[in-house]
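# Structural overview for review
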Amino acid sequence: MIKLSGITFRYAGAAHESESLKDINLTVNAGECILLTGKSGCGKTTLTRVLNGLCPKFYEGELSGEYLLAGNDTNELPVNEIGRTVGSVFQDPRSQFFCTNTTDEIVFSMESHAYSQADMTRRLESLWEILPIQHLLERRIFNLSSGEKQKIAIASVCAAEPKVLILDEPSANLDADATEQLAALLERLKRRGHTIIISEHRIHYLMNIVDRMLVLDNGRIYREYTKEEAVGLAENELLQLGLRKLIQPRFIPLAPAKPGIMPAAISEKIYLQKGNSQILQGLDMRVFAGEITAITGSNGAGKTTICKVLTGVEKENSGTVCYGGTILKPKERIRNSYLVQQDTDYQLYAATVMQELLIGLKETPDIRKQACMYLEKLNLTEFRDRHPASLSGGQKQRVLIAAALLRNRQLIVLDEPTSGLDGMHMRLTAELLSSMAADGKTIILITHDMELIDSCVTRIYHVGEGKIANEYRIH
Amino acid sequence: MESYNELPGIHSHISKIAAQPTSADDLHKIISYAGIDCRVRLFAILAATLPSFLLKSEITLLIMAVFVVVWLCVLRQIRTAIIFTVIYAAFYLLQRINVTDMAIGSILMVLSIFRRFMLTAFIAMPLGKAPTGVLISSLSKMHVPRQVTIALAVMFRFMPTVAEEYNAIRSSQKFRGIGISGWGLLRHPVRSYETILVPLLIRTTKIADELSASAILRGASVEGEVSSFRTVRLTHADCICLIIIAILSAGLLALDLLWR
């Protein structure tokens, strides 16, 4: 189905000798399922872009080598022709929606290729057999949960029935249930005869589906494993490859016990209504200094809202929030906490990393000295004069954490800090958070990342129906 | 019966959960789309442009404002109609105030120009609210070039996104103690430009990039005929609507000349 020989790609504007892909040779048979993995920046996203034709036809650059798709040389195919054979689901479903309404989104590619109404209906009805999402039709895309967006994104690609399906980190924003549903869906697609290529960090949920696992490193295919070999990889081998674990930790419910120490922050009987829906319904929560508390729960359960109320970005309708024993108004909470949101791009405003830390503060020599200290502590010293936008995702996140530490905020909340991070970077983040907690900070994580929870979290709250439904511990 | 609920906001979102299509019959309901055709909506914009600039008398301008409200109500955009009425009335009343101060006077001048723009802008709203597929296919039936159609569709798709991103930026800035108040925005325009516009541009450029990549792969750049899942055709009702709009537009201009 796919044959790559000697594929090398360098993005336009990238320095010489800094190819994103080097001499990739790969044959994928029809009906096969291939998993691409490796550290962040290893070239797996670029490889998916070569496969769907975006490199070099959309993202310009120098491509050498040969790419045969179903026997045709892709150099001679326009990018939309490649797109008809190779359907692509991108990392962030939010930004790939072209239409404002789910129905239009699903039929968009069929409309573009002038399918008849009868044809579209027939294909939709056959799509329901593997992906029953009739209940999501005729909705505005902006109001969907992450899991629902992911389903619409996959449906919009599968409706036109492409032979090959490429997915770039499809589980990045999904909770445990939605990830399981995704795995089941991929299995159905495979059984239907689709060739599937998945680029992913979280590999545990895919082990029943994949036929081969390729580990990329520095633009090359570094290792190739059959399914049996991949499943048999020992923990230290995975660690060495910078990969995540194959088995997820399990959680068991914990009988809630009242700890003797004073909580750093308490929220009591918080209610919050948005439009017609009651988001928070009597939330009671206690977090403690020197601890890392994880908030888990399904997509759309209200985890982010809880943290926005706790940090004061959103106002509660009723209830109270105390920091260290005093009831604070939302505005006062904002000044005593820091919320690091998932998307770092809109949280960075200055021209250099140094200014980024100091923005909004009165500049004194003392503050500057402290800023330098935190840069050192978070391994950012070498980037102090770089533009924040030019940093990698993990580095941007550290800049935000440094800004929070410099402001001496007691409560630091992070929303999905490790979505899209490879095993190595996930472990680095866990270490950093642990050291912050050891310094006495109160840390809250909103996360689906079981491995992160396993490696640093001390307390787990599970959110359901607008309040803390359960407390768990790791089994 | 209009199958596509055009009321924006959470209310329609909630009500839709109860009335979700589940069977083949419901697919049929979506197919037999019965909103006012996009070509009529487009014509309404063209027909509104001329009077909104040429009308001289306050009475004809007010009559036109009433037409705008009626148009929005006919298209079941009650919320938009209310918003329009409130803003327009507020501006109108502001201008009734007698002022001697030059500075305030010049601000009021700008308001009166803005009030004219509002007329056309709100008549244009229903075009953006049409299902994207219907919009693309009706424009392609008029032989509008593909580039223009896609650009227009992306523009309507992008407006809510920009608003979303703007709010996210503003809320995250609060933690750094910058740009908290609207007054601060006005007092430090350069800093506001840097701290809001730059991240907004970085974000929207990234989204636009991915959006176009995914659209191109799904055939957005294919020249030639497109089809529409929802039925797109000019009905008798559409034609009558078209004629009424033409008459109203011409009538306004004539009345204005008469009363001048």
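Since this is a predicted model, take the numbers as computed values, not measurements.

Quick notes on the rules
For every chain, the first residue of the written sequence is number 1, and numbering continues from 1 along that sequence. Each chain takes a letter, starting from A, and each ligand takes a number, starting from 1, following the order in which they are written. The predicted origin of the model limits local features to residues at a pLDDT of at least 70 and limits the giving and counting of side-chain atom pairs to 80 or more, whereas totals for whole chains, interfaces and linings rest on all residues. Derived side-chain values reflect all non-hydrogen atoms in the structure, with water molecules and hydrogen atoms excluded from consideration. Comment: elements are numbered from the N terminus, with helices defined as DSSP H or I runs of at least four residues and strands as E runs of at least two. As a reference, a globule follows 2.2 Å times the number of residues to the power 0.38, and the radius of gyration itself is taken over C-alpha atoms. Each residue is placed in one exposure class: buried if its accessible area under a 1.4 Å probe, protein chains only, is under 20% of its type's maximum, exposed if it is over 50%, and partly exposed if it falls in between. Note on contacts: a residue pair is in contact if any heavy atoms of the two residues lie within 4.5 Å. Note on scores: pLDDT gives the predictor's confidence for each residue, bounded by 0 and 100. Any Lys or Arg side-chain nitrogen found within 4 Å of a carboxyl oxygen on Asp or Glu counts as a salt bridge. In the analysis that follows, any N or O atom pair within 3.5 Å is treated as a polar contact, provided that within protein one partner can donate a hydrogen and the other can accept it, and provided that, for residues neighboring in sequence, both atoms belong to side chains. In this count, Pro and Cys sit with the nonpolar residues alongside Ala, Val, Leu, Ile, Met, Phe, Trp and Tyr, while Asp, Glu, Lys and Arg are called charged and the others, Gly among them, polar. Should DSSP find at least two bridges between two strands, the strands are regarded as paired. Between N-to-C directions, angles cover 0 to 180 degrees, with each direction set by a line fitted to C-alpha atoms, over the stretch in contact for helices. Definition of nonpolar core: a set of buried residues of the types Ala, Val, Leu, Ile, Met, Phe, Trp, Tyr and Cys, connected through side-chain atoms within 4.5 Å. Working definition: rings of Phe, Tyr and Trp (its six-membered ring) pair if their centres are within 6.5 Å, and the pair is stacked with planes under 30 degrees apart, edge-to-face with planes over 60 apart, and tilted otherwise. Geometric relationships in this document are graded by angle, where less than 35 degrees denotes roughly parallel, more than 145 denotes roughly antiparallel, 65 to 115 denotes roughly perpendicular, and other angles denote oblique.

### Description of the overall build of chain A
When helices and strands are counted, chain A shows 16 helices and 21 strands. The C-alpha atoms of chain A give a radius of gyration of 24 Å, which matches the 23 Å a tight globule of 475 residues would have. C-alpha atoms of chain A, sized along the principal axes, occupy 70 × 50 × 40 Å. Expressed as a percentage of its 475 residues, the buried residues of chain A come to 57%. Restricting the contact set of chain A to residue pairs at least 6 apart, pairs at least 24 apart contribute 69%.

### Digging into the confidence of the model for chain B
Residues and elements named next belong to chain B. Within chain B, residue pLDDT values average 83, and 88% of them lie at 70 or more. Model confidence for chain B, summarised as mean pLDDT per element, is weakest for helix α1 (residues 10-18) at 37 and strongest for helix α4 (residues 58-74) at 94. Note that pLDDT drops below 50 for residues 1-21; the model gives that stretch 48 contacts with residues more than four away or on any other chain. Overall fold confidence (pTM) sits at 0.85, and the ipTM for the predicted complex is 0.85.

### Comments concerning the interface of chain A and chain B
At the junction of the two partners, chain A supplies 70 residues and chain B supplies 67 residues. If you look at where chain A meets chain B, you find seven salt bridges. Note that E105(A) is salt-bridged to R218(B), the shortest N-O span being 2.8 Å. Taken together, chain A and chain B are joined by 27 residue pairs in polar contact (both at pLDDT 80 or more). For the side of chain A that touches chain B, the secondary-structure elements that each account for two or more residues are α3 (79-85), α4 (102-112), α5 (117-130), β17 (337-340) and α14 (393-406) of chain A. Among the elements that make up the side of chain A that touches chain B, the one with the highest residue count is α4(A) (nine residues). Tallied by class, residues from the side of chain A that touches chain B come to 30 nonpolar, 25 polar and 15 charged.

### A few points about the sheet that holds strand β4 (residues 61-69) of chain A
Residue and element names in this part refer to chain A. Pairing within the open sheet is antiparallel, and its four strands lie in the order β2-β1-β4-β5. In the strand order of this sheet, the two ends are held by β2 (21-28) and β5 (72-73), each with one partner. Note that strand β1 (residues 2-11) and β4 share eight bridges and pair antiparallel. The residue of β4 that forms the bridge with Y11 is G61. Packed on one face of the sheet, helix α1 (residues 44-51) meets β1, β2 and β4 and runs near 120° to β1.

### Considerations on α4(A)
Residues and elements named next belong to chain A. The buried count for α4 comes to eleven of eleven residues, which makes it a mostly enclosed element. Capping the start of α4, N101 holds a side-chain oxygen 2.9 Å from the backbone nitrogen of T103, two or three residues further along. Backbone geometry just downstream of α4 places A114 in the positive-phi region, at approximately 55°.

### What about the nonpolar core?
All names here are of chain A. Counting residues in each nonpolar core, the largest one holds 69 residues, and the members touching the most others are M285, I444 and L445. Looking at which element gives the most residues to this core, the answer is α14, with eight residues. The residues touching M285, leaving out its near neighbours within four places in the chain, are A265, I266, S267, I295, I306, L310, I444, Y461 and I468. One finds M110, I130, A153 and L238 within the second-largest nonpolar core, a separate group that totals 58 residues.

### Observations regarding the packing of aromatic side chains
All names here are of chain B. Enumeration according to the criterion identifies eight aromatic pairs over all chains in this entry. Consider the rings of F84 and F122, whose centres lie 5.0 Å apart with planes at 55°: the pair is tilted. Here F84, found in helix α5 (residues 78-96), pairs with F122, found in helix α6 (residues 102-129); they are 38 residues apart in sequence, far enough to count as distant. Relative accessible area serves as the criterion here: at 1%, F84 is assigned to the buried category.

### Let's talk about the sheet that holds strand β6 (residues 86-89) of chain A
All names here are of chain A. The six strands are arranged β6-β7-β8-β3-β9-β10 in an open sheet whose pairing can be described as mixed. Here the strands that pair on one side only, and so sit at the sheet edges, are β6 and β10 (220-226). Strand after strand, the sheet turns through a mean of 20° between neighbouring axes, direction not considered. Bridging between strand β3 (residues 33-38) and strand β8 (residues 195-199) involves four bridges; their strand directions are parallel. Within the sheet, the bridge partner assigned to I34 lies in β8 and is I197.

### As for the packing of α4(A) against helix α7 (residues 132-141) of chain B
Running from N to C, α4(A) and α7(B) point in directions that differ by 30°, and their axes come no closer than 9 Å. Judged by the inter-axis angle, α4(A) sits roughly parallel to α7(B). Side by side, α4(A) and α7(B) meet where D104(A), F108(A) and E111(A) of the first sit next to T132(B), G133(B), V134(B) and I136(B) of the second. Of the residues assigned to the contact of α4(A) with α7(B), the class counts are three nonpolar, two polar and two charged.

### Description of the pairing of β10(A)
All names here are of chain A. Taken together, the six bridges between strand β9 (residues 212-217) and β10 define a ladder with antiparallel strand orientation. What sits directly across from L214, in β10, is E224. Linkage of β9 to β10, two consecutive antiparallel strands, is achieved through a turn of two residues, within which N218 is found at a positive phi near 55°.

### Considering the environment of D119(A)
Residues and elements named next belong to chain A. Mapped onto the elements, D119 comes out in helix α5. Residue D119 is classed as partly exposed on the basis of its relative accessible area of 24%. Within the structure, the side chain of D119 is placed 3.1 Å from the side chain of R122, a separation counted as a polar contact.

### Concerning the pattern of salt bridges
In the structure shown here, the tally under the stated rule is 28 salt bridges over all chains. One salt bridge connects E32(A) with R212(A), and the closest N-O pair in it is separated by 2.9 Å. Remark: R212(A) occurs in strand β9 and E32(A) occurs in the loop between β2 and β3; sequence separation between them is 180 residues. For the pair shown, E32(A) and R212(A) are each scored as buried. Here the residues in one salt-bridge network are D92(A), R94(A), D343(A), E165(B) and R203(B), joined through shared partners.

### Describing unusual backbone geometry
Residue and element names in this part refer to chain A. Following C55, the chain continues into P56 via a peptide bond in cis, with omega recorded as 5°. Within the secondary structure, P56 sits in helix α2 (residues 54-57). A positive phi angle, near 45°, is found at E416, a position not held by glycine. As for its placement among the helices and strands, E416 is situated in the loop between β18 (411-415) and α15 (423-438). For E465, which is not a glycine, the phi torsion comes out positive at approximately 55°.

### Brief notes about the environment of S214(B)
All names here are of chain B. As for its placement among the helices and strands, S214 is situated in helix α10 (residues 189-217). Under the relative-accessibility criterion, S214 is labelled buried at 2%. Polar contacts involving the side chain of S214 include one to the side chain of R218, which spans 3.0 Å.

### Description of the environment of G319(A)
All names here are of chain A. Relative to the helices and strands, G319 is located in strand β15 (residues 318-323). Along the sequence, G319 and M373 sit 54 residues apart, while their C-alpha atoms lie 39 Å from each other. What G319 contacts, discounting residues up to four positions off in sequence, is E268, K269 and I270.

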